[in-house]
Structure formats: C-alpha cells, structure tokens
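For reference, the chains in residue letters:
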Amino acid sequence: MADLVLQLSRVAHERNGRRLLDGVGLSLCAGEAAALVGANGAGKTTLLRAAAGLLPAATGEITANGLDPRTAPPAAAARRRLYAEQHPSCAWDQTVAELGALADRPAAWADWAGRFALTALAERPLASLSGGERQAAHLARLFASLEEPYGALLLLDEPTAALDRARRETVHAAVQAWAQAGAAVLVATHDAAWARTFPRVVALEEGRLIADGPPAAAFTAELVRAVWGAPAP
Amino acid sequence: MRLGRGALVGGTAVLGLLAAGALACGTAGWGFGEGGALALLRFPRVLAALAAGAALGLGGATQQGLFRNPLADPGLTGVFGGALLGMALLLGGAPGFAWAHAWSLPAAAFAGSLGVSGLLVLLGRNGPPARLLLTGLGLNAFAAAGTLLIANLAPESRELLLNGSFGDWLGMASPELVVRPLLLCALAGAALLTLARPLDLLALGEDAAQAAGCDLRRLRRRAIVLTALAAAAATCLVGQMAFVGLLAPHLARALVGPRHGLVLPLAGLVGATLLLTADTLGRAALPGTPLSAAAVMALLGAPLFVWIARRHHG
C-alpha cells in the first residue's frame, strides 16, 4: 500500500454565509493523480486552498504528509507541497529570469524554462508577456522548486487554462511523470479530454463531492451536463 | 537594464563623496577647518542625515513590499507622524522626565509609530491600494494635528515640536542627541535586511507566499515593528520627513529590479543620499537663509511623487 499523502475528512468552509465546501472527504496516496472537475463555483479552488492550508477557518480534518497545514509551521508544511494558483500575480515588474531566481534551484529553473519555451523571454518583464506566457513562467518557477517527487503533494489549480498546445502538453507530461515518481497530484481543470486521461476523477457540485472514481464511472451523463453542459465533450 | 550588485558599490562610492562634500560645506564656507575642526562639528549632523535617510529608505522599501503597494511610505502613511506625536505627548506631558531620561524620547517615538502602524494595518489592509494610502493620509493628518495641538498647549516645547513638524531637527544634532537614535537606526536597518526573501515571496501574492513556506504573520509582525522602529529613530534625528521612504525604493528598483536582496540595501543607500543631499543643499544653496532638509526634500520629491503616481496609475 502506497503512503497516504493527503487526507481530507468532513472538510467544510463558509464565506459570507455561503457554504463553499460541504463535508468533503478525500484521500490521495503517493503515486496517485486525480483530476478535480466541477462547474464554475463548485468549490474546486476552495478545496485546493483548504488542502494547502490556506484557509485556516476551514473545518474538518486536513492532513498532508502527516501535518495539519492550517496549524503546522508554514515552512514545514510547504517542504513537500506545491500549490499553483489559478491566477498567479506579481506585485513588481519582474523579468522572467528574476521570477525564476525565486525557485532557488538554478539548474532546475533553466530546465523548466526550456521546457516551457521561456529561455528566449528570460529578460522580458512579466507585464510585457501574454497571459499564457506569464502562466507558463509562474508554473516553471513552481515546478523548479520541487526537489523530491516521491511523497510530495501537488495541488494545481487550472494550470493549463491559458496555455497553448505545446505548453499544455508540457504540463500533462510533468503531471504524469511526477505521479509515476510517487507524487500525489490533484489538478483542477475544465479540460474534459485531459481529465479523462487521469486514472481517477473527483467531481464537486456546490461544495459537495458528487463523484470519485475512474473516469468511466465518474463521467456520468449528469456530471457531464452539470460541468460542461450537453452535449458531452 | 538592471545594474545588479555593482549598484551597491557605486552607490556607496557616491555616498562617500557626498558625505565628504557635506563635511566640507557649511555657513562658514568651504573646507574642513583647521585640523578638521569644522568637519568634526558637522560630523554628527552628517551622520544623522545618513542614518535617518538609510532608515527611511529601508523602511519605505519594506512597507511597499509588505503592502505590495508602490505608494506606501512611512512619511505619507502617518508612521512618522505617529512617532512625532508620541514624542509630543511626552514632551507636553512630562518634559522634565523626557530630558532626564535619554531613552524616553526614542521610546515615546517608537510607541507612537507602532500605534499608527497598527491602525494602518487594521484599517487599510485587504483593500485596494488607494484605501491604504488614504487611511495613512488620514492618520498622518490626525497625528500632525495632535502634535500641533500639544505644541500650542505646551509653550516650553512649542518651538522644538514645530521644528520637528517641519523636519528641521538636523541643525541641533550633537553627539549626545544622535547616539541613541543612531544605534536604533543601525539595529532596525540590519534587521530589515533579513526580510528580503519573504518579501520576494510576498510579491507573488499572499497565497503563493504562504504556499511556498513564508510565515505571513511573522513577516507582518517583524516588518511592522522594525519599520516603526526605523521611523521612530529617524524622527528623533530629523523630525517629520516625507518622500524619502517613497522615492528611495522606486529609484532602487529602477536600478536593480524588484528583488529585495538588492532593493533593501540600495534603498537604504539611496535614502541616505537623498536626505544628505537635501540637508546639504538646504544649508548651502542660499547662504544666510537655510532651508530645512524636509523643505528641500519636498521641493525635489513632490514632482517625482507626481511622476511616480502617473507612471503607476496613468
């Protein structure tokens, strides 16, 4: 049995009187990759943020690599976790290379910058890039921070939403490689074709978990209608 | 084009030359005096301007990084005003105690700047940049009015407080008066330099910083306390001073880019350069009618402030 990396039990979260997560239970083991699907507002981002410990007010049990990320020292909780935001930002006008320097692993950054076709853009300010190039730069910085995949928890929030086909495939390959190397990966996505390639699909609706299983079982007609609308993609 | 670490070396060299010029410049004319006597007399003032300017530059860079707001500046957001109000409360309420206990005025300034910083965070955080700035401007106006009220109620401290309000305390710099604030500037400055890495992560947003292992609560606590300490120490040396903390980080970022490992020390160097230049110009530009460093800084800084505001919001 592979090591348990993420365990959520009866996780709930409310904001402004609205229940964003409602008793969600989920576990991910080392080497397991799951797609997280749901319509806009279903709670995907809230679930990923709760799993990353970014919602201290969330209730229920959250354990990642043996620690509760809401109360554990942030540096300890972050040691074996990556969290990619849906809309990454930067307060100052950093260049791509300056953003990459935050990864603190120059060789890994150079590798990921190459895979995301960012090498030629290294001296360009982020503000001058397209939305997709910016997202790729933030992903490259994040991916270059991962030292040891085995047992790591990767929480990726719509990482391919703004990317072109080549960069999307880079993310697809990275997720697959990490899961094979023993990382636990949870990816929120609206890309139905990509979600179908995962061995496991977790679906949310109005903050509740409505499906959790292999794509053939999880992709019911109701789920497809609820998330993507008819006809099925 | 980014200059990198060379900017720190160049900035230090320029500052050294300026300091030598400031030591040689005075109402008695140019020169160090016989046996360096005049330079020795001017030394506390020059040292005070350097230390206060560096503390302001570092404090401004930290506040801008902490609030992710290019318009944050302890001078504009009332942290300086709070320091002066703290000193005014002590000078107005217990002047005998203030002058008998050498650490009491820096402590009162620190209490005032920390109080305003706390209010600023409480009222201005988690909103658009304009909210923070407007909250700070309101707190600054309130603190300035409080200081003036106390100055009117306490005639024996009136002139001192009015001079402080106009940033005109460098003229009375003496070894006894500057030594304690200098120590506090050095302490706050050295501690602020250690915040470079978490401030870099915070530039990516609160979620990204926290997910990368940054302890946001600890960072906020340390940044706010140390910025308040730097502002209090600088206030004890120069009085109220706007624009240095705003401009120094902008000039530093323009030279070396946004990484705080370079921005923080360079903002300190640029702040020291700005304040020393303003003070020296104020002493020497119009012989017989000296201008306070704050007045010269406002003359130079206000147009630059407008330029920065237009650059970021236009």
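Shown above is the structure to which this text applies.
From a predicted model like this one, the values you see are computed outputs, not experimental measurements.

Enquirer: Any chance you could explain the overall build of chain A here in plain terms?
Expert: Secondary structure assignment for chain A yields nine helices and nine strands. Buried residues in chain A amount to 53% of all 233 residues. In chain A, 68% of the contacts between residues at least 6 apart in sequence involve partners at least 24 apart. A total of about 9900 Å² of accessible surface is found on chain A, and carbon and sulfur atoms cover 51% of it. For chain A, the separation between the mean place of its 22 positive charges and that of its 24 negative charges on side chains is 3 Å.

Enquirer: What is the right way to read the packing of aromatic side chains from this model?
Expert: Here a ring pair, both rings aromatic, is described through the centre-centre distance and the interplanar angle of the planes. All names here are of chain A. Counted by the stated rule, this structure contains six aromatic pairs over all chains. Ring geometry for Trp112 versus Phe143: centroids 5.2 Å apart, planes at 70 degrees, classification edge-to-face. With Trp112 in helix H4 (residues 106-115) and Phe143 in helix H5 (residues 131-143), this residue pair connects regions lying 31 residues apart in the sequence. When sorted by exposure, Trp112 lands in the same class as Phe143, which is buried. With 4.7 Å between their ring centres and 85 degrees between their planes, Phe143 and Trp178 make a pair best called edge-to-face. Note that Phe143 is positioned in helix H5 and Trp178 in helix H6 (residues 165-180), a separation of 35 residues in sequence.

Enquirer: Quick question: what am I supposed to make of the interface of chain A and chain B here?
Expert: Reports often express the size of an interface as the amount of accessible area lost when the parts come together. If you look at the interface, chain A gives 23 residues, while chain B gives 24 residues. In total, chain A and chain B occlude about 2000 Å² of area from one another, counting both sides; carbon and sulfur atoms represent 56% of this. Inspection of the chain A/chain B interface yields one salt bridge. When the shortest N-O distance is used, the salt bridge between Asp207(B) and Arg49(A) registers 2.7 Å. Inspection of the chain A/chain B interface yields five residue pairs in polar contact (both at pLDDT 80 or more). Breaking the side of chain A that touches chain B down by element, the ones donating at least two residues are helix H2 (74-78), strand E5 (81-84), helix H3 (96-101) and H5 of chain A. Here the side of chain A that touches chain B is built from residues that sort into eleven nonpolar, five polar and seven charged.

Enquirer: Could you clarify how one ought to interpret the nonpolar core in this entry?
Expert: Judged by nonpolar contacts, the single largest core of 80 residues is most densely connected at Leu237(B), Met241(B), Leu266(B), Leu275(B) and Met297(B). Ranked by the residues each element gives to this core, the list is headed by helix H2 (residues 37-67) of chain B, at 13 residues. Among residues more than four places away in sequence, those in contact with Leu237(B) are Ala48(B), Ala51(B), Ala52(B), Trp169(B), Leu170(B), Val178(B), Pro181(B) and Cys185(B). Of all hydrophobic cores here, the second largest spans 51 residues; its members include Ala35(A), Ala140(A), Phe143(A) and Ala195(A).

Enquirer: Please clarify how the pattern of salt bridges should be interpreted in this entry.
Expert: Any two side chains of opposite charge can pair, on the condition that their charged atoms come close. Under the counting rule described, the total for this entry stands at 15 salt bridges over all chains. Between Glu32(A) and Arg200(A) there is a salt bridge, and its shortest N-O distance comes to 2.9 Å. In this pair, Glu32(A) sits in the loop between strand E2 (18-29) and strand E3 (33-37) while Arg200(A) sits in strand E8 (residues 200-205), placing the two residues 168 residues apart along the sequence. Overall, Arg200(A) belongs to the buried group, its relative accessible area being 11%. The residue Arg220(B) makes a salt bridge to Glu206(B) at a minimum N-O spacing of 2.9 Å. Of this pair, Arg220(B) sits in helix H11 (residues 216-238) while Glu206(B) sits in helix H10 (residues 206-211), and the two are 14 residues apart along the sequence. On the basis of relative accessibility, which here comes to 18%, the residue Arg220(B) falls in the buried class.

Enquirer: Can you help me understand empty space enclosed by the protein in this one?
Expert: Residues and elements named next belong to chain A. Within this structure, the stated rule accounts for two cavities of 30 Å³ or more. Here the largest cavity is characterised by a volume of approximately 130 Å³. What lines the largest cavity is a set of 13 residues, and nearest its centre among them are Ala84, Glu85, Pro88, His138 and Arg141. Within the residue set of the lining of the largest cavity, elements represented by two or more residues are E5 and H5. Among the elements that line the lining of the largest cavity, the one with the most residues is H5, at five residues.

Enquirer: Hey, could you run me through the sheet that holds strand E4 (residues 59-64) of chain A in this one?
Expert: In any sheet, the strands associate via hydrogen bonds between backbone groups, in a parallel or an antiparallel arrangement. All names here are of chain A. As summarised here, the arrangement of the three strands in space is E2-E1-E4, forming an open sheet in which the pairing is antiparallel. Of all the strands in the sheet, the pair left with one neighbour each is E2 and E4. Each adjacent strand pair in this sheet contributes to an overall mean axis angle of 15 degrees, direction not counted. Bridging between strand E1 (residues 4-15) and E4 involves five bridges; their strand directions are antiparallel. Looking at the pairing, Leu8 lines up with Ile62 of E4.

Each value, and the rule that gives it
Residues numbered from 1 in each chain as written. Chains lettered and ligands numbered in written order. Predicted model: local features only at pLDDT ≥ 70, side-chain atom pairs only at ≥ 80, totals over all residues. Heavy atoms only, no water. Helix = DSSP H or I, 4+ residues; strand = E, 2+ residues; numbered from the N terminus. Buried < 20%, exposed > 50% of the residue type's maximum accessible area, 1.4 Å probe, protein only. Contact = heavy atoms within 4.5 Å. Areas by Shrake-Rupley, 256 points an atom, 1.4 Å probe, with all protein chains shown as cover. Lys, Arg positive; Asp, Glu negative; His and termini not counted. Charge placed at Lys NZ, Arg CZ, Asp CG, Glu CD. Phe/Tyr/Trp six-rings, centres within 6.5 Å; stacked < 30°, edge-to-face > 60°. Buried area = accessible area lost by both parts, 1.4 Å probe. Salt bridge = Lys/Arg side-chain N within 4 Å of Asp/Glu carboxyl O. Polar contact = N/O pair within 3.5 Å; in protein donor to acceptor, adjacent residues only side chain to side chain. Nonpolar A, V, L, I, M, F, W, Y, C, P; charged D, E, K, R; others polar. Core = buried A, V, L, I, M, F, W, Y, C linked by side-chain atoms within 4.5 Å. 1 Å grid on protein atoms, 1.4 Å probe; cavity = no way out; pocket = protein on both sides within 12 Å on 5 of 7 lines; lining within 4 Å. Points joined across faces, edges and corners; volume = space filled by probe spheres on them. Pairing = 2+ DSSP bridges. Axes fitted to C-alpha atoms, helices over the stretch in contact; angles between N-to-C directions.

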